[in-house]
Amino acid sequence: MKISREEVLRVAELAHLGLSPEEIETYGRQLDDILAYVDKLKALDVTNVEPMTQVLYPAAGADGAESHPELREDTLRPSDVADAVLARAPEAEKPFFRVPKVIDR
Amino acid sequence: MSGAAPWTIAGVRAALAAKKISARELAAEFYSRIDRRNAELNAYLTLSPERAYAQADRIDAAVSRGETLPPLAGVPMAIKDVISTRGVRTTCASKMLEDYIPPYDATAAERLERAGAVFLGKTNCDEFAMGGSNENSAYGPVRNPVALDRVPGGSSGGSAAAVAAGLAVAALGTDTGGSIRQPGAFCGIPGLMPTYGRVSRYGLVAFASSLDKIGPFAGNVADIAAVTAAIAGHDTYDSTSAAVPVPDYAAGLEKPVQGLRIGVPEDYFGKGLDPEVQEKIHAGIALLERLGCRRIPLRMPHTDYAIATYYIIATAEASSNLARYDGVRYGLRAPGATLTEMYRQTRDRGFGSEVKRRIMLGTYVLSAGYYDAYYLRAQRVRALIARDFSDAFEKVDAIITPTAPTTAFRLGEKTADPLQMYLADVYTVTGSLAGVPGISVPCGKTRAGLPVGLQIFGPHFSEERVLQIAHAFEAAGGFSL
């Protein structure tokens, strides 16, 4: 077993997923299968390999600054979507989103 | 479909210019086709006739004024339902966004409409683009128009089925691990995954941000080139979109392929590849050789590690991206006495089982104690897979492989075992991880009449060459080998 029932519950809690007992059993088994499969990566020696954390830089050329002028000036621009966004919220009270009580006293 | 030749982008332009049909009549013709076929195929989730006819009327007005028509004038198109469309419901095939109407357009959608395209509606897909068969849609599976008991592939199954069935001239899909190329192969039409950064992701509902790409389906390669040209290019709203000039793809299509070096990696022809698919791909490669391409045998030694790498990185990114669905700002909200209870109830009701499974896996591989062993290691292996591609492109101009190890499977055939479903992405996820462009083009049919897809990868930003080879292959009869 790669993953225990307790770990499944802990992960579900971290992900804010309320799982049924059947889901806990099914996901536990399926995650176990998948984790056993991805263990094959352990066969590779990656000690001197830099992690690939960026896709575009190598794609657009070696010189990052040259090929990445997208790092634009940080300037203010008008944005007039607040009303449209709030109008689609499950519960809103301009200019706020309403949520259940957060702090109990 | 009737026996008439299918509409193409060039055909639409010519018919409009010659006033043989109006853009409004053409849109109406496609809506009547959708009326006839969609109940069976389930390719469209939402139709947008108001927006379509308003655009068609603008095109018709331009025709009557004798103006030069924009490149996609009047072309009836479908948009995958993970791409935001202003005023038109965008569900991501999820209960979470059942009533979500975006207040803005994705850049790709906006550019298409500016180029004259007419949006017929939004197409079905796997929920949040997670799946390879379209069976993970909260609104039911799509059926493959070639064989109704089979899946159309996924996740962009609705877009592929709509084009293959003649319910749209072209469509936008998205490709994270194969979600354009594999349904293209299963439905017998071309589909292009552009280079990472070639097409803006602004307005694309995020699944895995380092892997997601928007790209086209169409009935032929010239139409793929036309749609790509319309959506490609830098966008200030997406800092990962590249400021690399967009070539004239249409002009490059007719360049001869003679002398191009095509790499054939033996790692893509191993265990699990259906013998009939293999036979067709070999016939496709032989055809390219007859056109003057030089076949070069290759090794891409990390191919076998791609699925494991992909499912760690994609699910990790998904678990972060999908944290936004918490019932606060948009989409579903389920009642809960406390904030945490509301989050949990909302996510439990809103997400389907594959989405939850991937969020669970992604959360696990990013969690304390496992991050180094899974996520960080996967990012290092991703670098090795990308290096396989850059090493190969020192020796060859393009890489030819099968798109998928099998043809379209039956509905329900793989749903019980998620890992088996993941393994079907074996030939597509490699290029997704490397960020290179790849196209799937039809390469004949098996004896059972099921389409086979041939995949062509090129170096970063080499869409022009990939399209050129695909077009030469099509012109030489490769689609019906």
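This next bit is on the overall build of chain B. Secondary structure assignment for chain B yields 16 helices and eleven strands. On C-alpha atoms alone, chain B measures out to a radius of gyration of 21 Å, which is about the 23 Å that the 2.2 N^0.38 rule sets for 481 residues. Oriented by its inertia axes, the alpha-carbon framework of chain B measures out at about 65 × 55 × 45 Å. Relative to all contacts within chain B whose residues are 6 or more apart in sequence, the contacts with residues 24 or more apart total 76%. Surface summary for chain B: the accessible area is close to 15400 Å², and the carbon and sulfur share equals 50%.

Taken together, the 71 residues of chain B in the interface contact 57 residues of chain A. The partner of glutamate 91 of chain A in a salt bridge is arginine 333 of chain B, with the nearest N and O atoms 3.1 Å apart. Per-element accounting of the side of chain B that touches chain A gives the leading share, twelve residues, to helix 13 (residues 371–395) of chain B. Its residues placed into classes, the side of chain B that touches chain A shows 39 nonpolar, 20 polar and twelve charged.

In this section: the confidence of the model for chain B. On average, residues of chain B score 96 in pLDDT, and 99% of them are at 70 or above. Both confidence scores are given for the complex: pTM 0.96, ipTM 0.91.

Below, the discussion takes up the environment of valine 102 of chain A. Residue placement: valine 102 of chain A occurs in the segment after strand 2 (96–97). Each C-alpha atom, one on valine 102 of chain A and one on alanine 36 of chain A, is 40 Å from the other, the two residues being 66 residues apart in sequence.

Below, the discussion takes up the packing of helix 2 (residues 23–41) of chain B against helix 3 (residues 49–64) of chain B. Residue and element names in this part refer to chain B. Helix 3 packs onto helix 2 with a crossing angle of 150° between their chain directions and a minimal axis gap of 7 Å. With respect to helix 3, the axis of helix 2 lies roughly antiparallel. Facing helix 2, whose interface residues are Ala23, Arg24, Ala27, Ala28 and Tyr31, helix 3 presents Pro49, Ala52, Tyr53, Ala56, Asp57, Ile59 and Asp60. Across the contact of helix 2 with helix 3, the residue classes break down as nine nonpolar, no polar and three charged.

The rules behind each value
- Residues numbered from 1 in each chain as written.
- Chains lettered and ligands numbered in written order.
- Predicted model: local features only at pLDDT ≥ 70, side-chain atom pairs only at ≥ 80, totals over all residues.
- Heavy atoms only, no water.
- Helix = DSSP H or I, 4+ residues; strand = E, 2+ residues; numbered from the N terminus.
- Rg over C-alpha atoms; globule rule 2.2 N^0.38 Å.
- Contact = heavy atoms within 4.5 Å.
- Areas by Shrake-Rupley, 256 points an atom, 1.4 Å probe, with all protein chains shown as cover.
- Salt bridge = Lys/Arg side-chain N within 4 Å of Asp/Glu carboxyl O.
- Nonpolar A, V, L, I, M, F, W, Y, C, P; charged D, E, K, R; others polar.
- pLDDT = per-residue confidence, 0-100.
- Axes fitted to C-alpha atoms, helices over the stretch in contact; angles between N-to-C directions.
- Parallel < 35°, antiparallel > 145°, perpendicular 65-115°, else oblique.

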